[in-house]
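Here's the letter readout for the chains.
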There are 4 protein chains.
Amino acid sequence: MKTAVIGSTGYGGVELIRLIEGHPHLELAMLVSTSQAGERLSRAYPHLQHLEYTFQELDVERISQETELVFLATPPGVSVNLTPQLRARGKMVIDLSGDFRLEDGRSYEAWYNRKAAPDRWLEEAVYGLSEWFAEEIRKADLIANPGCYPTATLLGLLPLLRAKMIDHRALIIDAKSGVTGAGRKVDQSLLFCEVNENLRPYKVDGHQHIPEIEQIAGRFCSADVKVRFVPHLVPMNRGILVTLYTPMLHKYAMTEVLSVYKEAYESAPFVRIVERGWPATKAVQGSNFCDIGVHVDERTGWITVLSAIDNLMKGAAGQAIQNANVRMGWPVETGLKGLPLVP
Amino acid sequence: MKTAVIGSTGYGGVELIRLIEGHPHLELAMLVSTSQAGERLSRAYPHLQHLEYTFQELDVERISQETELVFLATPPGVSVNLTPQLRARGKMVIDLSGDFRLEDGRSYEAWYNRKAAPDRWLEEAVYGLSEWFAEEIRKADLIANPGCYPTATLLGLLPLLRAKMIDHRALIIDAKSGVTGAGRKVDQSLLFCEVNENLRPYKVDGHQHIPEIEQIAGRFCSADVKVRFVPHLVPMNRGILVTLYTPMLHKYAMTEVLSVYKEAYESAPFVRIVERGWPATKAVQGSNFCDIGVHVDERTGWITVLSAIDNLMKGAAGQAIQNANVRMGWPVETGLKGLPLVP
Amino acid sequence: MKTAVIGSTGYGGVELIRLIEGHPHLELAMLVSTSQAGERLSRAYPHLQHLEYTFQELDVERISQETELVFLATPPGVSVNLTPQLRARGKMVIDLSGDFRLEDGRSYEAWYNRKAAPDRWLEEAVYGLSEWFAEEIRKADLIANPGCYPTATLLGLLPLLRAKMIDHRALIIDAKSGVTGAGRKVDQSLLFCEVNENLRPYKVDGHQHIPEIEQIAGRFCSADVKVRFVPHLVPMNRGILVTLYTPMLHKYAMTEVLSVYKEAYESAPFVRIVERGWPATKAVQGSNFCDIGVHVDERTGWITVLSAIDNLMKGAAGQAIQNANVRMGWPVETGLKGLPLVP
Amino acid sequence: MKTAVIGSTGYGGVELIRLIEGHPHLELAMLVSTSQAGERLSRAYPHLQHLEYTFQELDVERISQETELVFLATPPGVSVNLTPQLRARGKMVIDLSGDFRLEDGRSYEAWYNRKAAPDRWLEEAVYGLSEWFAEEIRKADLIANPGCYPTATLLGLLPLLRAKMIDHRALIIDAKSGVTGAGRKVDQSLLFCEVNENLRPYKVDGHQHIPEIEQIAGRFCSADVKVRFVPHLVPMNRGILVTLYTPMLHKYAMTEVLSVYKEAYESAPFVRIVERGWPATKAVQGSNFCDIGVHVDERTGWITVLSAIDNLMKGAAGQAIQNANVRMGWPVETGLKGLPLVP
């Protein structure tokens, strides 16, 4: 199946290239980059110097003629315009940006400070959290690939929420991410000497992934969920760890809680319930796994959920491929069987 | 003033050596190490090869004859026995271990799983959080130097608690530490290749710093405080960042909250209130500063406090020297004026 | 083809597991660990918690009955005894340790300070540098997988040596390695806080990879080669960069030198000649590539060769799989097509 | 003594600020930054938020009126114009840039690709390698502070060269630097995710520190020295390690070589001869030390010199302060007694 990757010079784009190259049913037919059109891939990414690709201009007609499935790994606002054009030409779109994740255009405009896509297309979009919405994804032609933080958070949160075990009015999400989460942005704050040996919070005032978490969480408790979410930048390349704190509605034993998770994910090959020790980002590095651990604190009556992913894999490109597999009816692990790269 | 450092081969001990060497009124008269007695300091720490020290056996009589002030940077349980002997000989003791921080011996025994010191000495000990207990410290001969996590947590928490602005029944403390916090322990889990490019929680079941935080917090709200505290290991050498979440009792504006902090710390030279951007561990690296930032979240009604220290400085050796300064009536910044080492 | 991995708890062993799991023709039939026999793999390596393996005792009979090909990722001295037993039972052996790399047992005994294997088996062993000795490897039943430093060094050096362009009497090899090169050894000098933010040389007096380099280099210039080799430890997990300096025998232009390399490696898919920029360890991370760059310095008449590999891949497990492919007549890239994990 | 720092927003500038703030005889009277004039220091460097400085415009008259000693931590080419103006007004200048290090203006123009300063001022400049040129520095009003690589290289090389023990026709210098050496340049190649877990050579074609090394080395052997110098970028913030290889002219024992070094540096408090183990960058981190180790290789007849400094200290700001001390007749360690920050 011929695919195009648009926005192929960023970290999400290059991870897509890695996965598509190793996928038995996908073929990389076009690499599109507006900023580096005409340039060879090996110039942007010397580690791929043996591959013979050249970045193409963004040409919707050509993309539509030469490919069937389009991955968008573009900055906010690009997909708003581009996806309707691709959809109008009948192309399947998996959008890794945030442009189609929020059902409510006003919410998008408030949090992203940009014009939202037309309602018609927002309505068509399916939220691509494969473990929970596979049925919709199987029929979708416009899949909004979840954000990295929402993926880790929701996979950890939804089982408890669905089981009505926790008080959704107090959801404290302390999130920590490696630096690839910020993209390949040339900014002083992302220089090695600024980030290395440093830990810092950012966007404490409000991160655009908040409404995405709240929207999906709300579906599972029929309420207007508000979460407290603070992200932190950790001096490492890959990995997200979410530590979620919430009060239990009743006293639950660890075994009860664990069985809720095991049941929720019994047929989800990428979710591993960690019962010995705790999730760690390195244990999922380079893989599509989400590792989840839980702890019931009898002293306070709060439950803590720990959820670890590789932000470029399960948090972006890996989940995009997973969505393609689900959509096409291929086994969900196709092209995603690589073990974590450890150490 | 002649001092001894007991437990001088660990990371806390070597930081004490650095500070005492640069202190105008303190003299390093004895370095004690039971594990490396007879060995030269330069063998344990080649970066100090120009210093002519040899580790001594632990000999309470000699320590008492040759020094006036003793710093203990020993593992849990050592000070329980040693400090009473030193105090019985009239020596001043600043204990960097946790052995004298908890007033209640039973609590110590429950959390540390060791025999507590006799009540007589527990009662004598003063908790050395200089910014809040300077009056007691000035008269104390046995100062229990606070733990690294409690230092960062309490400096961030106490102003709000004293002002009765928050609900002490929901105190969520998400703590992140550099690896020196684990000491110089030769353990597989602390090898470079295991820690590097990894982020992981630890002691999710319960960390021994919890009762220390609860004891002091309890004093400020006359209640039996229970906190939810989860520490995480971050791939960097130094630095602690505490992110504390708690619900506000009323609606407060940021300016109100900030003024509470400014007032609390107006004469505390090591506490800096960060109003522009957010605290970051690198900004305090190698210094005795504690940087504090606050955020009022109107959406949820929760307040977030961010507190950053260098765990070996304000979280250990720096605060110990600060306590010595307070105790001796020297200006509090004596020997602690070094700026953060950045970048 | 059923395989056993002996010494499967080290970093080389776990990388072999990753590769064998992804190889279409190899099956992981037995994991052997004397130190952790009876333990589950997921306990030593939680990132593999979804795999159902248990470490077995070392039982030569059982290994011989249940597998055809044995990979040894054992410490020095183990293979000396074990390999003859396996060979006597007709098993094919690929030995990742240094026990069979040196033809001369006395050299092994001098550099490794251990008893060498019997001459009979040393004679049988073939040096597994696939790009140069494929013909011998195809017929070999005992393959001595090259060391990490020799692999990077020899791939960079041999084309020049064979072409008689350089003076073999002055070969200066400055080598830099990530920390996985030291193995999973629980040693104070390998703790995170000791290695991080540190760069240091080691074994300046003599590294056991020196005779291995000299033995192979000697074959290509019919001389008794002596190299100056100094390794350094770099604060990163994976990667070796070798910078090799040697005087040119005549004046050569860059193009001449490059064409020698291109010719040498025209049918070697894992060797990439870098003409734009210079080799970097990250560009080969997680892959089996060796990236080589060269520079002719007209001011001094010396040539500099830069050679980068992932020490666990091309420097160990990757090359072992490559040797298995060559030996079995499978396409050399089988199971090794994974692109570098970047960033 | 009132001082100005020009170019105070870079890493060298901020290290100067740290040292001047801790120096008993120097006062920071003016911070000059053309790019951030009018801005507060705490905005460029939040770790200094408690200091009340504002960056000034570059105003030579004002600088001359308000200060006596000017430190220039400016990019190449700035000092060429600025220093003559300051000298014409009688100010003492310590220039941390490369503009006055090369005696021969044509050499500067060839290597820096910029117009050199007028000969008159080049002639006035004294090369500020304090350990070797203290006599000239004591009388100098224009001190060219050595480059980071030349400092580490020359301190390691000059004793052997002066003693005529080595063949200056083969000087192989393999240099490794932390990332602060590249300055605070906002460039994609210096982003955290590009540098972290990566080791790479750079400027293999020729680094501008080469003529500086050759010029000084040439003085000590009365010859036209040509060195082979290749720098590498190491994923850490601070530190340079130089590994220098050169053939011995005769057979020397280690003790002979060591005694040459000990004699050369017996009254040099910042140079430490490492006889146990080898120099490591962390052992000098944050300090003005240069640690030197040597190894005589009997197999090849080559000698290896290892030299480690903190590039921002002995390689820049620390050496600048040392030069100020020498020039003013203050004890050479004034304001530089801080021990290395370890771990």
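Residues numbered from 1 in each chain as written. Chains lettered and ligands numbered in written order. Predicted model: local features only at pLDDT ≥ 70, side-chain atom pairs only at ≥ 80, totals over all residues. Heavy atoms only, no water.

The name that an unreviewed UniProt entry assigns to chain A is N-acetyl-gamma-glutamyl-phosphate reductase, with the source organism given as Laceyella putida. Quoted verbatim from the Pathway (unreviewed entry) field of the UniProt record, the comment on chain A reads "Amino-acid biosynthesis; L-arginine biosynthesis; N(2)-acetyl-L-ornithine from L-glutamate: step 3/4." (UniProt positions renumbered as here; feature names shortened; annotations may be inferred.)

Before going further, it helps to spend a moment on the interface of chain C and chain D. Taken together, the 45 residues of chain C in the interface contact 45 residues of chain D. Summing both partners gives a buried area of about 3,900 Å² for chain C against chain D, and 61% of it is carried by carbon and sulfur. The three residues of chain C that bury the most area against chain D are Glu197, Leu199 and Arg299 of chain C, which together make up 18% of that side's buried surface. For the pair chain C and chain D, the number of links is four salt bridges. Of the charged contacts in the structure, one is a salt bridge between arginine 299 of chain D and glutamate 214 of chain C, with a shortest N-O distance of 2.6 Å. Among the elements of the structure, strand E7 (171-177), helix H9 (192-195), strand E8 (200-201), helix H10 (210-221), strand E9 (227-233), strand E10 (240-247), strand E12 (290-297) and strand E13 (302-309) of chain C are those that each provide at least two residues to the side of chain C that touches chain D. Residues belonging to the side of chain C that touches chain D are distributed by class as follows: 22 nonpolar, 10 polar and 13 charged. (Contact = heavy atoms within 4.5 Å. Buried area = accessible area lost by both parts, 1.4 Å probe. Salt bridge = Lys/Arg side-chain N within 4 Å of Asp/Glu carboxyl O. Helix = DSSP H or I, 4+ residues; strand = E, 2+ residues; numbered from the N terminus. Nonpolar A, V, L, I, M, F, W, Y, C, P; charged D, E, K, R; others polar.)

Next up on the list: the interface of chain B and chain A. Between chain B and chain A, the residue contacts involve 45 residues of the former and 45 residues of the latter. Looking at the side of chain B facing chain A, the largest losses of area belong to Glu197, Leu199 and Arg299 of chain B, adding up to 19% of the total buried there. Inspection of the region where chain B meets chain A yields five salt bridges. In this assembly, chain B and chain A are joined by 28 residue pairs in polar contact (both at pLDDT 80 or more). Mapped by element, the contributors of at least two residues to the side of chain B that touches chain A are strand E7 (171-177), helix H9 (192-195), strand E8 (200-201), helix H10 (210-221), strand E9 (227-233), strand E10 (240-247), strand E12 (290-297) and strand E13 (302-309) of chain B. Along the lines of polarity and charge, the residues of the side of chain B that touches chain A split into 22 nonpolar, 10 polar and 13 charged. (Polar contact = N/O pair within 3.5 Å; in protein donor to acceptor, adjacent residues only side chain to side chain.)

Residues and elements named next belong to chain D. For strand E10 (residues 240-247), the buried fraction is high: eight of the eight residues fall into the buried class. Of the two faces of E10, both are covered, the one formed by Ile240, Val242, Leu244 and Thr246 as well as the one formed by Leu241, Thr243, Tyr245 and Pro247. Taken together, the six bridges between strand E7 (residues 171-177) and E10 define a ladder with antiparallel strand orientation. For isoleucine 172, the partnering residue across the bridge sits in E10 and is tyrosine 245. Pairing geometry for E10 and strand E13 (residues 302-309), over eight bridges, is antiparallel. Paired with threonine 243 across the strands is leucine 306, a residue of E13. (Buried < 20%, exposed > 50% of the residue type's maximum accessible area, 1.4 Å probe, protein only. Pairing = 2+ DSSP bridges.)

Structural alignment of chain C on chain D gives an RMSD of 0.0 Å, achieved by rotating through 180 degrees and translating 0.0 Å along the axis. Seen this way, the second copy is the image of the first under a two-fold rotation axis. (Least-squares fit on C-alpha atoms with pLDDT ≥ 70 in both.)

Attention shifts here to the UniProt feature "active site" (unreviewed entry) in chain A. Residue and element names in this part refer to chain A. On the UniProt side, "active site" (unreviewed entry) is annotated at positions that read Cys148 here. Within the fold, cysteine 148 resides in helix H8 (residues 148-162). The residues contacting cysteine 148, other than those within four sequence positions of it, are His209, Ile240, Ile309, Asn311 and Gly315.

Time to look at the domain arrangement of chain A. By a widespread convention, an interface's size corresponds to the accessible area lost as its parts come together. Residue and element names in this part refer to chain A. Domain boundaries in chain A define domain 1 (2-124) and domain 2 (149-311). At the junction of the two partners, domain 1 supplies 13 residues and domain 2 supplies 14 residues. In total, domain 1 and domain 2 occlude about 1,200 Å² of area from one another, counting both sides; carbon and sulfur atoms represent 52% of this. Its largest share of buried area at the contact with domain 2, domain 1 owes to Tyr11, Arg101 and Trp111, together 49% of the area lost on that side. At the junction of domain 1 and domain 2, the tally comes to three salt bridges. The salt bridge involving arginine 101 is made with glutamate 212; its shortest N-O contact spans 3.0 Å. The interface formed by domain 1 and domain 2 contains seven residue pairs in polar contact (both at pLDDT 80 or more). (Domains from an automatic or database assignment.)

So, on to the relation of the copies chain B and chain A. Between chain B and chain A, the superposition needs a rotation of 180 degrees and an axial shift of 0.0 Å, giving an RMSD of 0.0 Å. Most of the interface of chain B is mirrored in chain A, where 100% of its interface residues again form contacts.

The bond known as a disulfide is covalent and runs between the sulfur atoms of two cysteines. All names here are of chain A. Taken as a whole, this structure holds zero disulfides over all chains when the rule is applied. Take cysteine 290: it sits in no disulfide, and the sulfur closest to it among the cysteines is that of cysteine 148, at 12 Å. On the basis of relative accessibility, which here comes to 0%, the residue cysteine 290 falls in the buried class. (Disulfide = S-S within 2.5 Å.)

Attention now goes to the pairing of strand E1 (residues 2-6) of chain D. Residues and elements named next belong to chain D. A large share of E1 lies buried, amounting to four of its five residues. One ladder, built from five bridges, connects E1 with strand E2 (residues 27-32); its direction is parallel. Following the sheet pairing, valine 5 is matched in E2 by leucine 31. With respect to chirality, the unit in which E1 leads through helix H1 (residues 11-21) into the neighbouring parallel E2 is right-handed. Bridge count between E1 and strand E3 (residues 69-72): four bridges; the pairing is parallel. Counted as the bridge partner of threonine 3 is leucine 69 from E3. (Right-handed = clockwise from strand over helix to strand, strands pointing away.)

It is worth spelling out the sheet that holds E2 of chain D at this point. Residues and elements named next belong to chain D. As summarised here, the arrangement of the six strands in space is E2-E1-E3-E4-E6-E5, forming an open sheet in which the pairing is parallel. On the outer flanks of this sheet lie E2 and strand E5 (126-127), each paired with one strand and no other. Sheet strands in contact with helix H12 (residues 313-328) are E3, strand E4 (92-95) and strand E6 (142-144), and its direction is about 150 degrees off that of E4. (Axes fitted to C-alpha atoms, helices over the stretch in contact; angles between N-to-C directions.)

Moving on: unusual backbone geometry. The amide bond that connects valine 342 of chain C to the next residue, proline 343 of chain C, takes the cis arrangement and shows omega of 0 degrees. Even without being a glycine, lysine 203 of chain A presents a positive backbone phi close to 45 degrees. Note on placement: lysine 203 of chain A falls in the loop between strand E8 (200-201) and helix H10 (210-221). The exposure class assigned to lysine 203 of chain A is partly exposed, which follows from its relative accessible area of 39%. Its identity is not glycine, yet lysine 164 of chain D carries a phi of approximately 55 degrees, on the positive side. Residue classification places lysine 164 of chain D among the exposed residues on the basis of a relative accessible area of 56%.

Here the focus is the side chain of threonine 74 of chain A. Residue and element names in this part refer to chain A. By the element assignment, threonine 74 lies in the loop between strand E3 (69-72) and helix H4 (78-88). Assessed through its relative accessible area of 11%, threonine 74 is described here as buried. When residues no more than four places from it in sequence are discounted, the contact partners of threonine 74 are Ile6, Gly7, Ser79 and Ser97.

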